[in-house]
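# Architecture at a glance
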Amino acid sequence: MSAPTTPDLLALDRAAQDLLFRAARTANTFTDEPVTDAEVAAIHDLIRYGPTAYNGQPLRVLLLRSAAARARLLPYLSSNNRAKTASAPLVAVLAADVDFHERLPELYPHRPQARDWLTDRATRVEQARFSATLQIGYLLVGVRAAGLAAGPMAGFDAAGVTREFFPDGRHEALLVMNVGRPGPDSWRERLPRLDTEDVVRTL
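First, a word on what this report is: a plain description of the structure on this page. Only a predicted model underlies this, so the values are computations on that prediction, with no experimental measurement involved.

To describe a pair of aromatic rings, one takes the distance between the centres and the angle between the planes. Counted by the stated rule, this structure contains 2 aromatic pairs. Relative to Tyr108, the ring of Tyr54 has its centre 5.8 Å away and its plane inclined at 85°; by these criteria the two rings are edge-to-face. Here Tyr54 is found in the loop between helix H2 (37–47) and strand S1 (59–64), whereas its partner Tyr108 is found in the loop between helix H5 (104–107) and helix H6 (114–117), with 54 residues between them in sequence. The exposure class of Tyr108 is buried, given its relative accessible area of 19%. Note on Tyr54 and Trp117: the rings are 5.9 Å apart at their centroids and 55° apart in plane angle, and the pair reads as tilted. You can see Tyr54 sitting in the loop between H2 and S1 and its partner Trp117 sitting in helix H6, a full 63 residues away along the chain. Residue classification places Trp117 among the partly exposed residues on the basis of a relative accessible area of 43%. Here the aromatic residues Tyr54, Tyr108 and Trp117 are joined through ring pairs into a cluster of three or more.

Given below as structure tokens:
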């Protein structure tokens, strides 16, 4: 990792910056050390403060711990993702609750009419996917904050996973994520990142 070339203007100390971003990697192998329910709760307690539209918080997390649950998932994954998912200490199916609006009187109490704004299902599904995707970003950072590594995967049959694990039609699978402590040869060489000049414009 190269030394910084600009003054450090961030509030987080450099060790925390590295833990969350610079030194963090997407893991492809994991040790067999378990990820506990207490660790999962600590991660959620941190990331639940990230903003979402209407404070709706539509992300739902299904943890697959048992071999039987993994066996149900594996056929829906791309072939490259099956072995690492079968051996990861924890697998999470990340989904959007498309009926999140039912909780808005509780979560958005200063606008009691907000639930009625989202009676159209297509509009509600779009909002649920958008905000749940934001929350997945927070979750990735939260996993890293716990000293763990995440292996998010989009290489799966989302419709099949939704049918298999969420047959009530209320949830839509968005991502599958392996979580644990990185094992041997867990990642490849880091790929290039865009510079600020390639991303940021000022008008």
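Among soluble globular proteins, nonpolar side chains are generally buried collectively. Judged by nonpolar contacts, the single largest core of 25 residues is most densely connected at Leu94, Leu139, Val143, Met177 and Val179. Elements that contribute at least two residues to this core include exactly H2, strand S2 (90–97), helix H7 (121–145) and strand S4 (171–180). With 6 residues, H7 is the single largest residue contributor to this core. Setting aside anything within four residues of it in sequence, one finds Leu139 in contact with Ile43, Ile47, Leu59, Leu94 and Met177. Leu77, Ala88, Ala149 and Phe165 belong to the second-largest nonpolar core, a separate cluster that totals 18 residues.

Among the structural elements, Asn55 can be located in the loop between H2 and S1. According to the relative accessible area criterion, Asn55 is partly exposed, its value standing at 32%. For the pair Asn55 and Leu19, spaced 36 residues apart in sequence, the C-alpha separation works out to 28 Å. When near neighbours in sequence (up to four residues on either side) are disregarded, Asn55 contacts Leu107 and Tyr108. For Asn55, the side chain forms a polar contact with the main-chain oxygen of Leu107, separated by 2.9 Å.

A surface patch of nonpolar side chains, amounting to about 320 Å² of accessible area, comprises Leu194, Val199 and Val200. Tracing the backbone through its elements, the reader meets Val199 in helix H9 (residues 196–199). Judged by its relative accessible area of 56%, Val199 is exposed.

To continue, consider helix H1 (residues 14–22). The set of residues buried in H1 consists of Ala16, Gln17, Asp18 and Leu20. Capping of H1 at its N-terminal end is provided by Asp13; its side-chain oxygen lies 3.1 Å from the backbone amide nitrogen of Ala15.

Quick look at the side chain of Arg181 now. Along the polypeptide, Arg181 turns up in the loop between S4 and H9. A polar atom in the side chain of Arg181 sits 2.6 Å from the side chain of Glu39.

To continue, consider the pairing of S4. In terms of burial, S4 is a largely internal element, 9 of the 10 residues being buried. As paired strands, S2 and S4 are joined by 8 bridges and run antiparallel to one another. Paired with Leu94 across the bridge in S4 is Leu175. With 5 bridges connecting them, strand S3 (residues 149–153) and S4 associate as antiparallel partners.

Procedures and definitions
Residues numbered from 1 in each chain as written. Predicted model: local features only at pLDDT ≥ 70, side-chain atom pairs only at ≥ 80, totals over all residues. Heavy atoms only, no water. Phe/Tyr/Trp six-rings, centres within 6.5 Å; stacked < 30°, edge-to-face > 60°. Helix = DSSP H or I, 4+ residues; strand = E, 2+ residues; numbered from the N terminus. Buried < 20%, exposed > 50% of the residue type's maximum accessible area, 1.4 Å probe, protein only. Core = buried A, V, L, I, M, F, W, Y, C linked by side-chain atoms within 4.5 Å. Contact = heavy atoms within 4.5 Å. Polar contact = N/O pair within 3.5 Å; in protein donor to acceptor, adjacent residues only side chain to side chain. Patch = residues over 30% accessible without salt bridge, like charges linked within 9 Å, V, L, I, M, F, W, Y side chains within 5 Å. Areas by Shrake-Rupley, 256 points an atom, 1.4 Å probe, with all protein chains shown as cover. Salt bridge = Lys/Arg side-chain N within 4 Å of Asp/Glu carboxyl O. Pairing = 2+ DSSP bridges.

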